Structures are given as structure tokens and as C-alpha cells.
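Residue strings, one per chain:
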Amino acid sequence: VAPVAAATPGAPVAGMYQCRGGPAGNFRIAFNAGSSYANEQGATGAYTFDPATANIDFTTGPWAGFYGRVLADGDVGMTGKPDRSFFAMTCQREAN
């Protein structure tokens, strides 16, 4: 029997996420339906999601120029590095 390949995670589940990152600090971000997001102050922006890689590119708004990936457990890793070789911040979805 051939091993089953792990499924690539889907787009971020809509909701508020608590992000932590050592020297990067702590903050919250809301992923909304339709590839939009908002920071705690209410500033909004857009992101793209690549379902083949689970990569996120923040294209407009306060996080424009940052990159992310939906991780296997549904958390979102965020970084300023386009190669996504290291996630300085990890964001976990808050319980409703």
C-alpha cells in the first residue's frame, strides 16, 4: 500500500488570530471571507492564497509586502522573507 501524501492546507479559516513572535511582538489579525484581512486597528487589506503551496501574499493594506503560509495544523506562519524559509511569527485562530 502506497503512503498517503499529506493534504495541503486550505485557505485561512475566517476569524481572529492571535500572533506571537518573540522580538516581533504580539498582535491580532482577522482573516475575512473573500481574501481580505484587518488588523486590530481596523485597517484592511487583501491577500492572495495559492492552494498548491498554501502560501499567502499580503498584497495591500498594513501587511502589504509580508508573506505567509497556512501550516498543517491550520495556524498561519508570517514572515518578511519571500522564500518563507523561516516564520518569525505564528498566528493561531482564536476560539469563538
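Scroll up to find the structure.
Residues numbered from 1 in each chain as written. Predicted model: local features only at pLDDT ≥ 70, side-chain atom pairs only at ≥ 80, totals over all residues. Heavy atoms only, no water.

## Topic: the environment of A88
Among the secondary structure elements, A88 is positioned in the loop between β7 (76–79) and β8 (89–93). Taking the relative accessible area as the measure of exposure, A88 reaches 34% and is therefore partly exposed. (Helix = DSSP H or I, 4+ residues; strand = E, 2+ residues; numbered from the N terminus. Buried < 20%, exposed > 50% of the residue type's maximum accessible area, 1.4 Å probe, protein only.)

## Overview of the pattern of salt bridges
Evaluated as defined, the whole model comprises 2 salt bridges. R28 is the partner of E94 in a salt bridge, and the nearest nitrogen-oxygen pair spans 2.9 Å. On the criterion of sequence distance, the pair formed by E94 in the segment after β8 and R28 in strand β2 (residues 26–32) is long-range, its members being 66 residues apart. (Salt bridge = Lys/Arg side-chain N within 4 Å of Asp/Glu carboxyl O.)

## Overview of the sheet that holds strand β5 (residues 55–58)
Taken together, 8 strands build a closed barrel; the order of strands is β1-β2-β3-β4-β5-β6-β7-β8 and the barrel is antiparallel. Mean inter-strand twist for the sheet, computed between neighbouring axes without regard to direction, equals 30°. As paired elements, strand β1 (residues 15–20) and β2 share 6 bridges and run antiparallel to each other. Across the sheet, the residue bridging to G15 is F31, located in β2. (Pairing = 2+ DSSP bridges. Axes fitted to C-alpha atoms, helices over the stretch in contact; angles between N-to-C directions.)

## What about the nonpolar core?
Core analysis: the largest hydrophobic core is formed by 16 residues, its most contacted members being I29, F31, F58, W63, V76 and M78. Of all the secondary-structure elements, those providing two or more residues to this core are β1, β2, β5, β7 and β8. The leading source of residues in this core is β2, at 3 residues. (Core = buried A, V, L, I, M, F, W, Y, C linked by side-chain atoms within 4.5 Å.)

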